[in-house]
Structures are given as structure tokens and as C-alpha cells.
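Residue strings, one per chain:
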Amino acid sequence: MLLNRRVVVTGAGSGIGKAIVKRFLKEGACVLAVVRKPEQVEEFASHKDFSFVVGDVNDYSTNELAVTSAIKKWGGLDVMIANAGVWDFFKKLQKMSVTELEDGFSQIMSTNVKAVLMAAHASYSELNKTNGCLITTGSNACFRPGGGGPLYTASKYALRGIVGQLALDFAPNVRVCGVAPGATDTPISGTDALNQRQKSMNSDRSRLDSMGQHIPLGRVSSPEEHTDLYVMLASANGARYITGTVLVSDGGLTAGQ
Ligand SMILES: NC(=O)c1ccc[n+]([C@@H]2O[C@H](COP(=O)([O-])OP(=O)(O)OC[C@H]3O[C@@H](n4cnc5c(N)ncnc54)[C@H](O)[C@@H]3O)[C@@H](O)[C@H]2O)c1
């Protein structure tokens, strides 16, 4: 379904991003992964349609390098997937020091919001040429409180606004959409500011089990279970009339709220 589609995926070294890389390669896409460390994508290294860059998405230069590398390698770019993100482990405002609030806000908004704008900025002119699309990874926290603390929720609500605004601004040549996963079994971590860099969500199985109990389908999802939506949105024909929307893949989590 994605034969020869030229795609950049950020946050591709683990979790949902890595599942997207694997699925997109299987679907015939050419994939450039943005990762923190090369060893995160060792398993794809020998694939003829795979490439990667190492960097921090909070730096504009990383986003730019990803786009220029894809163009250099494959002659253009059809899909930019701004997926990298950090969580806040439900950190409550009243439990933050002022410094944690100030720095936590900056770091979470930088990765979850500003980096998406930078990915969009760096890729727009190429996507405009190819009638391509920008896809972001949202969250159930784009729609309802309770998917994190106030910093994460603020970042994902902002992201939903960006999807709508850029869909207007980039139309008619570039579609802009999001996928909103619910609780997913990944090692998502947090920020230095909240002292959560070393934490990882799926290292605590009891947290995942308890999250699963609040989901109508009775469990958290695997990263792979969201990839159908990315394939559909990224395909040349699958989503020609879809833009400005965030598609939910959350086991019914937001349905009852
Ligand atoms: N896991 C969940 O329950 C869940 C639920 C809803 C939404 N999401 C969203 O899914 C997306 C992917 O997260 P995941 O759950 O797969 O977690 P993950 O930690 O496995 O993947 C996120 C990736 O982003 C990378 N990353 C983070 N900050 C970066 C930076 N500054 N520069 C470069 N790379 C950076 C990490 O190294 C990691 O590989 C995020 O946007 C997250 O908010 C996750």
C-alpha cells in the first residue's frame, strides 16, 4: 500500500515509531528514521529502503537534516511523521516545585509541540511539491484530561490545534492529520526537568494493568495495533479527502468520557 512512498519518522527508535518503521518497510515504503542512538534501529540496517539520522528533534537542524537526507537519498519526500514525544507520568501541578513547573513546561512543550512545528516547517516545501502529508502522533490526551498530568495534557491539546491549523494553512496540496493512540505498551519516558528521563512507562507492569482496566476493550494496546491508521493516512490513495483531523485508536477510552 505504500510502495515507494518516501517517509520520515521521528521518535523511530522505540515504541510506536519503531512499529511504524517496521510496518512501512513491509508495505514497500522508503523510510528515514530519526533516532537518538544508531543501535535502536540496528535490525533495519541491512534493509535497502531504510536510512536513519541521529539527533534531538528539539533542534531544528535535526528536522532539517532528516528532510534533506530523504531528498538526497530518494529524490523527494511524501510523508513526514512527527511522532517523538515525552510523557509526564501523571505529575500533578500541586506536586511540582516552581522550577519543575517552568522547566517541565518548556521541555514537554518543546518536544511534543515545538518539534512538531519544526518538522512541519522543515518538510512543508517538499510535501507541497509532492502533494504529501504530515502525520503527528497525538493521544487520548488530545481530547480529554486524565491521560497524563497538566503539562502532557496541555501539550497534546495544543497538538490537536496544530493539526487543524496547519491543515488549513497547508491546503490544498498538503494534508495534515494525527493519530491518537490510547494507553500503549511502550517505554515512553519523561523529561530531565521532572526527573523522569530514566523512567519508562512499560517497566511498571502493574501501571499498564491498571490502565487496561479503564479501557472498554480491557487492555492497553501494542504499538503495532496503531499502525493501520498511519498506513491509511500515508498512502497515496487511502486518505485523499482526510485532513485536519486526529483519528483515535484507544480501545474506546475516550468514548465513555
Ligand atoms: N505509550 C502511550 O501510552 C502513548 C499514548 C498516547 C500517545 N503516545 C504518543 O506516542 C508517541 C510515541 O511514544 P511511544 O509511546 O512510542 O514512546 P517511546 O518512548 O517508545 O517513543 C518515543 C520516541 O521518541 C524519542 N524522543 C523523545 N524525545 C526526543 C527528542 N528530543 N529527540 C529525538 N527523539 C526523541 C524517544 O527516544 C523514543 O524513541 C509520543 O508522541 C507519545 O506522546 C503514547
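Below: a short report on this structure. (Residues numbered from 1 in each chain as written. Predicted model: local features only at pLDDT ≥ 70, side-chain atom pairs only at ≥ 80, totals over all residues. Heavy atoms only, no water.)

### Observations regarding the site of the ligand
- Around the ligand, the surrounding shell holds 27 residues, and the nearest of these are Ser14, Ile16, Asp56, Tyr152 and Thr186.
- In the model, a nitrogen atom of the ligand is placed 3.4 Å from a nitrogen or oxygen of the Arg36 side chain.
- Within the side chain of Thr186, an N or O atom sits 2.6 Å from an oxygen atom of the ligand.
- Protein chains bury 94% of the 820 Å² of accessible surface belonging to the ligand in isolation.
- When residues of the shell around the ligand are traced back to their parent elements, those giving at least two are α1 (15-26) and α4 (150-170).
- Split by residue class, the shell around the ligand holds 9 nonpolar, 15 polar and 3 charged. (Near = heavy atom within 4 Å. Polar contact = N/O pair within 3.5 Å; in protein donor to acceptor, adjacent residues only side chain to side chain. Areas by Shrake-Rupley, 256 points an atom, 1.4 Å probe, with all protein chains shown as cover. Helix = DSSP H or I, 4+ residues; strand = E, 2+ residues; numbered from the N terminus. Nonpolar A, V, L, I, M, F, W, Y, C, P; charged D, E, K, R; others polar.)

### A closer look at a nonpolar patch on the surface
- A contiguous nonpolar patch, built from Leu93, Leu101 and Phe105 and spanning about 250 Å² of accessible area, is present on the exposed surface.
- Here Leu101 is to be found in helix α3 (residues 98-130). (Patch = residues over 30% accessible without salt bridge, like charges linked within 9 Å, V, L, I, M, F, W, Y side chains within 5 Å. Salt bridge = Lys/Arg side-chain N within 4 Å of Asp/Glu carboxyl O.)

### Some points on empty space enclosed by the protein
- Taken as a whole, this structure holds 1 cavity of 30 Å³ or more when the rule is applied.
- Considering the residues around the largest cavity, the lining is formed by Thr10, Val57, Asn63, Ala82, Asn83, Ala84, Thr111, Ala115, Val116 and Ala119.
- Top element by residues in the lining of the largest cavity is α3. It accounts for 4 residues.
- The class makeup of the residues in the lining of the largest cavity is 6 nonpolar, 4 polar and no charged. (1 Å grid on protein atoms, 1.4 Å probe; cavity = no way out; pocket = protein on both sides within 12 Å on 5 of 7 lines; lining within 4 Å. Points joined across faces, edges and corners; volume = space filled by probe spheres on them.)

### Regarding α1
- The end-to-end C-alpha separation of α1 is 17 Å, in line with the 16 Å expected for 12 residues at 1.5 Å each.
- Listing the buried residues of α1 in full gives Gly15, Ile16, Gly17, Ala19, Ile20, Val21, Phe24 and Leu25.
- Looking at the buried positions of α1, the neighbouring elements they touch are β1 (6-10), β2 (30-35), β3 (50-54), β4 (79-82), β6 (175-181) and α6 (227-234).
- Of the residues trailing α1, Gly28 is marked for its positive phi of about 95 degrees. (Expected span 1.5 Å × (residues − 1). Buried < 20%, exposed > 50% of the residue type's maximum accessible area, 1.4 Å probe, protein only. Contact = heavy atoms within 4.5 Å.)

### Some remarks on the packing of aromatic side chains
- Applying the stated criterion across every chain, the model contains 5 aromatic pairs.
- Ring geometry for Phe44 against Phe50: centres 5.4 Å apart, planes inclined by 50 degrees, an arrangement best described as tilted. Neither residue differs from the other here; Phe44 and Phe50 are each classed as buried.
- Ring geometry for Trp87 against Phe89: centres 4.7 Å apart, planes inclined by 50 degrees, an arrangement best described as tilted. (Phe/Tyr/Trp six-rings, centres within 6.5 Å; stacked < 30°, edge-to-face > 60°.)

### Section: unusual backbone geometry
- Look at the link from Ala171 to Pro172: it is a cis peptide, with omega at 5 degrees.
- Within the element layout of this structure, Pro172 appears in the loop between α4 and β6.
- With a phi angle near 65 degrees, Asn4 is a residue other than glycine that sits in the positive phi range.
- Positionally, Asn4 belongs in the segment before β1.

### Some words on the sheet that holds strand β7 (residues 246-249)
- Here 7 strands make up an open sheet; going across it, the order is β3-β2-β1-β4-β5-β6-β7 and the pairing parallel. Looking at strand neighbours, the two that pair on one side only are β3 and β7, the edges of this open sheet. If you compare each strand with its neighbour and ignore which way they point, the axes differ by 20 degrees on average.
- Where β2 meets β3, 5 bridges bridge the pair, whose relative direction is parallel. Counterpart to Leu32 in the pairing with β3 is Ser51.
- Lying over the sheet, α3 contacts β1, β4 and β5 (133-137), oriented at roughly 170 degrees with respect to β4. (Pairing = 2+ DSSP bridges. Axes fitted to C-alpha atoms, helices over the stretch in contact; angles between N-to-C directions.)

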